[in-house]
Amino acid sequence: GLITACKYNHLLALIERIIDAPDTVLLVFFSCVSAVFFFIGIRKSRKNPHHKFGNEALLLFGVLFAAMAIAFLGRILDTGSGHFSWLLLLAAALYGIIGVIGRSGLVWVCALLALGGWYGAETGYVSGWGAYYFGMNYPVRFFLFGAVLTGIGLSLKKSQKTMFLHKPTYTVGLLYLFISLWIM
């Protein structure tokens, strides 16, 4: 009863202090936490590649904390222009690098999803958030994006070094492709 309530009060006070911290402190905190998860996940995946689910979980926690760090970076550097797509591109690049280094299909999928978010946000921003960019609406744009990803996924099958990226890239490419066709 009373002991557990005291523990929860301390936990709530700690969470409140973390939430009230300045954005730069939170950026550094979440960057460090994500780096630790990435480091441990990559190291464990090299030592024990047969522990696939545990290794992928560690890397996924790294992805989540990195996303939080990138969000705080965006809050720090926000100019009010509404041009946030570069944050998604940064996330895609980071996740892509970690996905290749850690040989993680799950992190690679996160990179491809962030890349799709960047593509949609960037073309939306450039078109003034209108419905059309170069005469194409969003489903047509993502049809092309999905077709390109599917082609890249097929080409990754040819090399033994990139074989682990083939299935996730191909699958996400088809997902973008068929969802955009369904919307059209």
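Below you will find a few notes about this structure. This one's a predicted model, so the numbers in the text were calculated from it and none came from an experiment.

**Quick word on the pattern of salt bridges**
Side chains that differ in charge, positive against negative, can pair when their charged atoms come close. The final tally for this structure, using the stated rule, is two salt bridges. D23 is the salt-bridge partner of R75, the closest N and O atoms lying 3.5 Å from each other. In this pair, R75 is assigned in helix α3 (residues 52–77) and D23 in helix α2 (residues 23–47), connecting sequence segments 52 residues apart. The exposure class of D23 is partly exposed, given its relative accessible area of 22%. The salt bridge partner of E56 is K52, with a shortest N-O separation of 3.4 Å. Taken together, the residues span about one helical turn, with E56 and K52 both in helix α3 at a distance of four residues. Classification of K52 by relative accessible area gives partly exposed; the value is 42%.

**Regarding the layout of surface pockets**
Roughly 210 Å³ of internal volume is contained in the largest pocket. Contributing to the lining of the largest pocket are 13 residues, with S45, K52, E56, G102 and R103 lying nearest its centre. Of all the elements in the fold, those that place two or more residues in the lining of the largest pocket are α2, α3 and α7 (163–183). Residues of the lining of the largest pocket, tallied by class, amount to five nonpolar, four polar and four charged.

**What to know about helix α6 (residues 138–155)**
In this model, α6 (18 residues) spans 26 Å end to end at C-alpha, consistent with the 26 Å of a helix rising 1.5 Å per residue. Those residues of α6 not exposed but buried are P139, R141, F142, F145, G146, L149, T150 and G153. Considering only its buried residues, α6 is in contact with α5 (105–126) and α7. Backbone nitrogen of V140 and a side-chain oxygen of the N-cap are separated by 3.1 Å at the start of α6; the cap is N137.

**So, the side chain of H166**
Within the fold, H166 resides in helix α7. Its relative accessible area of 12% is what places H166 among the buried residues. Aside from chain neighbours lying at most four places away, what touches H166 is G153, L154, L156 and K157.

**Quick notes on unusual backbone geometry**
The phi dihedral of R103 is positive, around 50°, even though this residue is not glycine. Tracing the backbone through its elements, the reader meets R103 in the loop between α4 (85–101) and α5.

Parameters and conventions
Residues numbered from 1 in each chain as written. Predicted model: local features only at pLDDT ≥ 70, side-chain atom pairs only at ≥ 80, totals over all residues. Heavy atoms only, no water. Salt bridge = Lys/Arg side-chain N within 4 Å of Asp/Glu carboxyl O. Helix = DSSP H or I, 4+ residues; strand = E, 2+ residues; numbered from the N terminus. Buried < 20%, exposed > 50% of the residue type's maximum accessible area, 1.4 Å probe, protein only. 1 Å grid on protein atoms, 1.4 Å probe; cavity = no way out; pocket = protein on both sides within 12 Å on 5 of 7 lines; lining within 4 Å. Points joined across faces, edges and corners; volume = space filled by probe spheres on them. Nonpolar A, V, L, I, M, F, W, Y, C, P; charged D, E, K, R; others polar. Expected span 1.5 Å × (residues − 1). Contact = heavy atoms within 4.5 Å. Polar contact = N/O pair within 3.5 Å; in protein donor to acceptor, adjacent residues only side chain to side chain.

Purely geometric stuff here, so don't read any function into it on its own.
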